[in-house]
Amino acid sequence: MTQDETLGAMLARRGFGRRGLLKFAIAMTSSLALPPSVAPVMAANLAKAKRRSVIWLSFQECTGCLETLLRSSSPTIDALIFDFISLDYQESLMAAAGAAAEQTLREAMAANKGEYLLAIDGSIPVKDGGVYSLTGGRSNLSMLEDVAAEAKAVLAIGTCAAYGGIPKAYPNPTGAVGVEDLVSNKPIVNIPGCPPVPEVLSGVLVHFISFGRLPELDDRKRPLAYFGTTIHDQCYRRPFYDQGKFAKSFDDEGARQGWCLFELGCKGPVTHNACASLKWNGGTSFPIEAGHGCIGCSEPDFWDAGGFYTSLAGGSATGWKNAGIAAAVGLAGGAAAALSTRIKTPLEDAPASPPEKTPPGKSPPGKSPPGKSPPGKSP
Amino acid sequence: MTDFSFLADDALVDALIMEIAGLLRRLIEHGETGAIDVLGLPLSPSCVASLEQRLGHAEVSARLDAAGVSEIHETGFPGVWWTRHSNEQGRLIAMLIEVAFVPEILKANIADVIRGAERLPALTNVALQARGNDVALQARGRRAAA
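Residues numbered from 1 in each chain as written. Chains lettered and ligands numbered in written order. Predicted model: local features only at pLDDT ≥ 70, side-chain atom pairs only at ≥ 80, totals over all residues.

Here the focus is the overall build of chain B. Scanning chain B from terminus to terminus reveals four helices and five strands. When the helices and strands of chain B are read in sequence order from the N terminus, they spell out α-β-α-β-β-β-β-α-α. Taking the principal axes of the C-alpha coordinates as reference, chain B spans close to 90 × 40 × 25 Å. Every one of the 146 residues in chain B was classed for burial, and the buried ones make up 22%. In chain B, the proportion of contacts linking residues at least 24 apart, taken out of those at least 6 apart, comes to 41%. (Helix = DSSP H or I, 4+ residues; strand = E, 2+ residues; numbered from the N terminus. Buried ≥ 20, exposed ≤ 12 C-beta atoms within 10 Å, placed from the backbone. Contact = placed C-beta atoms within 7 Å.)

Here's what the structure looks like:
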C-alpha cells in the first residue's frame, strides 16, 4: 500500500466494505467504553485516516510481547489495523541490519518528526550507565532519550516497558526501570501484561488514528476502558466467590466444579486487565478458564508480590509446598520440578505455604500483604 | 440463605426498559437515534435473555455478512432494534439495542449508491451485447495471431 492510501481504501481493496468498517467501529466503541453513538463518527474518521508512522524499540525483553501482537489467525480488521500503521523501525522484523538499520531509524524520525508513535517493549537498564543492554553500541537509555524526544506519544507495551517487569525483579541486577520512570515530557500509555492483550493495543491505535488523541487513562497511565476493572470483577467464577465456594487444590471437587481459585493464589482481585472479557487466542479462554489462578502479570512488581500459589489473604494452597521449594532452587529446573511435583505430590501430604518471593522489607504497590483480605468480600 | 439476585436482575431490566422508552421519545420528538451497548453493561446472561424476551420479536429480521455475521431484528416495539454482531470467527463482538427508524448499518451509503448507479447500466442487453462483441473480436484476433 502507498503512504497516501486511506484505511477505508485499503480495507475496501481487501474485501471489507463500509458496513464491515462500521461494524468494526461498533465493536471498538464498545471495547473502548465509548457511547455507541460515536461508532459512525469513528468509522468515518477511520475511512479517511492515513497511515501513522510507528517506531518500535525493543530493550530488555523476551520478544513475547511482539510475538503475541503478531500472531493473528485470520485477516480480521483488527489485524489489518496493524498493517495500516507504518512500522518504520523494528529490529526483529525489519530486513535491514547494522548501519543500514540505524540509518532507517534516523530517516523515519526525520520524516515524521513530532508525529510518530514510539512503541517500546522491554525495560531499560540504568545501572552503570545502562551498559547492560546496547544496540549498535548505544545504550537503551540513550536511544530512548533520543527517539522519545521527537515522538508524538510513547506506548509502553508489556509489563517490562510499563513498570520494569521481570528484569526489575529482586535483586534487579541491571537497575531496570519502566519507560515512565525516564520519560516525563511526552504522553505515555502503559499497556501492561506479560504478554499484553493484543486487542488493547489495537484499541489504543484505533482511538489514536480515528480521533487523533490517546484514550482516557487511569492513574497508572493504562487505558481506562481495558484496565478500569479487575479480573475478579469480570470473572465468570465470581459468583462462587460471593457464595464462599473455593477450590482447595487443583484437583479437588471444587476445582472440578469450577469454583473460585482465590485460595489457590489467584491474584484476580488486585489485577487490572481485560483477560476475563477479551480473553486470549481469538476469544477462546483465559488462564482462570483453563483452571489456573491469575498471576497478576499486568501489575507492577508482580514477580516479587509473593508466591503465585499464596492466596491474597495470606493462606497457601495445599499440595504446593514441595513445588514452591523446587521453584526457589532454580528458575528453569524449579519450573520443571514444580510441574512434576504438582503431578506427583499427594495433596493431603503438603500442608504448608510456599516460600515468599518478595524480598525482605519490600511491599509491592497495589498488592495486599499477607494476612490482609483483598478488596471486597472476605472468603 | 435466600438468593435475592433475581431482584437485582429485575431492577436492571426495568431500568433499561425505562431508558429505551426515553430514547424512543427522543426519536419521536426530535428524530434523534440512540443505542444501548448491552455487552458494556454488567448484565448476567439471564438478565439479557429476560430483556430480549420482554421486548419480543416483530416481523423484520435482517442478516448481514460483513466481516462476520450480524443479526438484526426489530423488537415488538417499532423503532427498537436488537442487533448482534459477530466477527469472522463467530465470536460475539457487540450487542446493541438501537433506537432508530432503520439501523445505521442497514442503510445504503451514498458513495456506494453512486458507484452502484455507475455500474448498473452495464447489465443492459445493449451493454452485454457490446461486451460480447468485444470478447468475440478479441478471440478472433487471438486466433488470427496464432
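Now that the structure is up, let's keep going.
Domains assigned within chain B are domain 1 (5–106) and domain 2 (108–146). For domain 1 of chain B versus domain 2 of chain B, the distance between C-alpha centres works out to 43 Å. (Domains from an automatic or database assignment.)

As a further point, take the sheet that holds strand β7 (residues 153–157) of chain A. Residue and element names in this part refer to chain A. One open sheet holds the five strands; their spatial order is β2-β1-β3-β7-β9, and the pairing between them is parallel. The two strands at the open ends of the sheet, each matched to only one other strand, are β2 (86–90) and β9 (188–191). With direction set aside, neighbouring strand axes in the sheet form an average angle of 20 degrees. One ladder, built from five bridges, connects strand β1 (residues 53–58) with strand β3 (residues 117–121); its direction is parallel. What sits directly across from Leu57, in β3, is Ile120. Lying over the sheet, helix α7 (residues 140–148) contacts β1, β3 and β7, oriented at roughly 165 degrees with respect to β1. Against the sheet, helix α9 (residues 198–211) makes contact with β7 and β9, and its axis sits at roughly 160 degrees relative to β9, the strand it touches most. (Pairing = 2+ DSSP bridges. Axes fitted to C-alpha atoms, helices over the stretch in contact; angles between N-to-C directions.)

Moving on: the sheet that holds strand β5 (residues 92–99) of chain B. Reading across from one edge, β1-β5-β4-β3-β2 (chain B) is the order of the five strands in this open sheet, with antiparallel pairing throughout. Each having just a single partner strand, β1 (34–37) and β2 (61–65) of chain B make up the two edges of the open sheet. Pairs of neighbouring strands in the sheet enclose a mean axial angle of 20 degrees, with direction left out of account. Pairing geometry for β1(B) and β5(B), over four bridges, is antiparallel. Along β5(B), the bridge assignment pairs Ile36(B) with Ile97(B). Contacts between helix α2 (residues 18–31) of chain A and the sheet are confined to β1, β2, β3 (69–74), β4 (80–86) and β5 of chain B, with β5(B) contributing the most and set at about 95 degrees to the helix.

Between chain B and chain A, the residue contacts involve 21 residues of the former and 20 residues of the latter. Breaking the side of chain B that touches chain A down by element, the ones donating at least two residues are β1 and β5 of chain B.

Bringing the confidence of the model for chain A into the picture now. Confidence along chain A averages 81 in pLDDT terms, with 79% of residues attaining 70 or more. Segment residues 319–379 of chain A: pLDDT under 50, and 91 contacts once partners within four positions in sequence are set aside and those in other chains are kept. (pLDDT = per-residue confidence, 0-100.)

The next thing to look at is the confidence of the model for chain B. With 94% of its residues at a pLDDT of 70 or more, chain B shows a mean pLDDT of 88. Scored as a whole, the predicted complex attains pTM 0.76, and scored at its interfaces, ipTM 0.79.

Glancing now at the environment of Gly254(A). Residue and element names in this part refer to chain A. By secondary structure assignment, the location of Gly254 is in helix α13 (residues 253–256). A sequence separation of 50 residues divides Gly254 from Asp304, and the C-alpha atoms of the two residues are 28 Å apart. Those residues in contact with Gly254 that sit more than four places away from it in its chain are Lys245, Phe246, Ala247, Lys248 and Trp259.

A word on α9(A). Given 3.6 residues to a turn, an α-helix orients residues that are three or four positions apart in the same direction. Here α9(A) spans 20 Å end to end across 14 residues, near enough to the 20 Å set by a 1.5 Å rise per residue. Immediately beyond the C-terminal end of α9(A), within one or two residues, lies Gly212(A), with a positive phi of roughly 70 degrees. (Expected span 1.5 Å × (residues − 1).)

Residues and elements named next belong to chain A. Direction vectors running N to C along α2 and helix α3 (residues 39–48) enclose 125 degrees, while the axes themselves pass 8 Å from each other. Judged on the interaxial angle alone, α3 and α2 are oblique. Every pair of crossing elements has a handedness; the one defined by α2 and α3 is right-handed. Contact with α2, carried on its side by Leu21, Leu22, Ala25, Ile26, Met28 and Thr29, involves Ala39, Pro40, Met42, Ala43, Leu46 and Ala47 of α3 and no other residues of that element. Here the contact of α2 with α3 is composed, by residue class, of eleven nonpolar, one polar and no charged. (Parallel < 35°, antiparallel > 145°, perpendicular 65-115°, else oblique. Left-handed = near helix turned anticlockwise from the far one by under 90°. Nonpolar A, V, L, I, M, F, W, Y, C, P; charged D, E, K, R; others polar.)

All names here are of chain A. With respect to the secondary-structure elements, Gln234 resides in helix α11 (residues 231–234). Residues Gln234 and Asn273, 39 residues apart in the sequence, show an inter-C-alpha distance of 9.7 Å. Residue contacts for Gln234: discarding those within four places in its chain leaves Thr229, Ala276 and Ser277.

Membership of the largest hydrophobic core comes to 114 residues, with the highest contact counts inside it found for Ala25(A), Ile55(A), Leu118(A), Ile120(A), Val154(A) and Ala156(A). Not counting chain neighbours up to four residues away, the residues in contact with Val154(A) comprise Leu118(A), Ile120(A), Ala148(A), Val179(A), Val183(A), Lys186(A) and Ile188(A). (Core = buried A, V, L, I, M, F, W, Y, C linked by C-beta atoms within 7 Å.)

Moving on to the packing of α3(A) against α9(A). Residues and elements named next belong to chain A. For the pair α3 and α9, interaxial distance at closest approach is 8 Å and the crossing angle is 80 degrees. The angle between the axes of α3 and α9 places the two elements in the roughly perpendicular class. Listed contacts from α9 to Met42, Asn45 and Leu46 of α3 are Ile209, Ser210 and Phe211. Here the contact of α3 with α9 is composed, by residue class, of four nonpolar, two polar and no charged.

Moving on: unusual backbone geometry. Residue and element names in this part refer to chain A. Cis geometry marks the peptide bond from Tyr170 to Pro171, where omega comes out at 10 degrees. In this fold, Pro171 is placed in the loop between α8 (159–163) and β8 (176–177). At the junction of Cys194 and Pro195, the peptide bond is cis and its omega measures out at 5 degrees in the coordinates. Relative to the helices and strands, Pro195 resides in the loop between β9 and α9. Located in the positive-phi region is Asp128, a residue other than glycine, with phi close to 55 degrees.

Further remarks concern the pairing of β1(A). Residues and elements named next belong to chain A. In terms of burial, β1 is a largely internal element, six of the six residues being buried. Covered by surrounding structure in β1 are Ser53, Ile55 and Leu57 together with Val54, Trp56 and Ser58, the residues of both alternating faces. In the sheet, β1 pairs with β2 via four bridges, with the strands oriented parallel. Paired with Ile55 across the bridge in β2 is Tyr89.

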